[in-house]
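One letter stands for each residue in the lines below.
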Amino acid sequence: GAGLKFNFWQDFENQFHAAVGAGYEFPWGDPSVLQNDSNARFWLSLDKGFGAFHLGGTANFLIETGDDDALGNSDRFMWNVRADYYACEWFSPVVNFNGYHALDSEDEVVPFSGLDLINLGGGDDVVTIGLGAELRPISDMPNLGFRFAYETPLTQGDDLFGFRWTFSLVWAF
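Residues numbered from 1 in each chain as written. Predicted model: local features only at pLDDT ≥ 70, side-chain atom pairs only at ≥ 80, totals over all residues. Heavy atoms only, no water.

(A) Spatial organisation of the sheet that holds strand 9 (residues 164-171). Pairing is antiparallel across the open sheet formed by nine strands, whose spatial order is 1-2-3-4-5-6-7-8-9. The open sheet has two edge strands, strand 1 (2-11) and strand 9, and neither has a second partner. When the angles between neighbouring strand axes are averaged without regard to direction, this sheet yields 15°. Across eight bridges, strand 1 lies against strand 2 (residues 16-25) in antiparallel orientation. (Pairing = 2+ DSSP bridges. Helix = DSSP H or I, 4+ residues; strand = E, 2+ residues; numbered from the N terminus. Axes fitted to C-alpha atoms, helices over the stretch in contact; angles between N-to-C directions.)

(B) The arrangement of the environment of A133 in detail. Relative to the helices and strands, A133 resides in strand 7 (residues 126-135). Through-space distance from the C-alpha of A133 to that of R147 is 5.8 Å; in sequence the pair is 14 residues apart. In contact with A133, not counting residues within four places along its chain, are F91, S92, P93, V94, F146, R147 and F148. (Contact = heavy atoms within 4.5 Å.)

(C) Spotlight on the packing of aromatic side chains. If you walk through the whole model with that rule in mind, you get 10 aromatic pairs. Seen in terms of ring centroids, W90 and F91 are 5.8 Å apart; in terms of plane orientation they differ by 45°. Their pairing is tilted. By relative accessible area, which is 27% here, F91 ends up partly exposed. On the numbers, 6.3 Å between centres and 25° between planes, the contact of F146 with F167 is stacked. Placement of F146 in strand 8 (residues 144-153) and of F167 in strand 9 is noted, with a sequence separation of 21 residues between them. Taken together, the aromatic side chains of F146, F148, Y150, F163, W165 and F167 make up a single cluster linked through ring pairs. In this arrangement the basic side chain of K48 is found over the ring face of F50, its NZ or CZ atom lying 5.0 Å from the centre. (Phe/Tyr/Trp six-rings, centres within 6.5 Å; stacked < 30°, edge-to-face > 60°. Buried < 20%, exposed > 50% of the residue type's maximum accessible area, 1.4 Å probe, protein only. Lys NZ or Arg CZ within 6 Å of the ring centre and 35° of its normal.)

(D) Looking closely at the side chain of D75. Residue position: D75 is located in the loop between strand 4 (53-64) and strand 5 (76-85). Buried charged residue D75 carries no salt bridge. Nearest counter-charge: R76, at 7.4 Å. In terms of polar contacts, D75 uses its side chain to reach the backbone amide nitrogen of E64, at 2.8 Å. (Lys, Arg positive; Asp, Glu negative; His and termini not counted. Salt bridge = Lys/Arg side-chain N within 4 Å of Asp/Glu carboxyl O. Polar contact = N/O pair within 3.5 Å; in protein donor to acceptor, adjacent residues only side chain to side chain.)

(E) Quick look at the pattern of salt bridges. Inspection of every chain in the model, using the stated rule, returns six salt bridges. Salt-bridge contacts for R136 lead to E134; the nearest nitrogen and oxygen are separated by 3.1 Å. Taken individually, R136 and E134 each receive the classification buried, so the pair is uniform in this respect. Through salt bridges with shared partners, a single network forms among E134, R136 and R147.

Take it as geometry only, folks, not as evidence of what the structure does.
Listed below in structure tokens is the structure:
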């Protein structure tokens with residue numbers, strides 16, 4: 001995929017940041033494992049800090065641009081609201097709430113959502129909570145962080161995973 005991001009508001013003194021973006025995911029991948037969808041993406045993010053406490057949110061619209069595959073395709077809306085606390089130079093606890101919504105589920109073939117992993121054309125709306133942390137174990141490299149979270153659904157609808165662990169290595173610059 002490729003995209004552009006525009007940080008239209010950067011207020012470091014008041015810890016407020018806002019950005020919009022647009023992108024395109026190319027249909028590269030093996031269609032036999034359902035990995036060749038293409039879509040246009042549009043998003044907005046807002047972040048506000050209150051000293052060591054931070055709140056943020058993102059809204060994402062994914063508009064399918066490819067042909068329907070055997071399991072269906074749908075336009076999707078995904079959102080995220082998160083909070084973290086900079087407890088010390090090496091640790092921040094994090095909580096996330098995430099929502100996944102198919103906007104045109106008439107293409108639904110499989111009766112559950114692929115969430116952010118795969119587009120299955122529909123399924124129930126799913127809201128999840130993720131609890132995790134960011135570790136910054138190398139004091140000489142404060143821009144390097146290791147993030148992990150446990151995510152589980154809050155809604156009763158069927159979803160793809162029931163729960164999941166996510167891990168990432170982040171280099172801020």
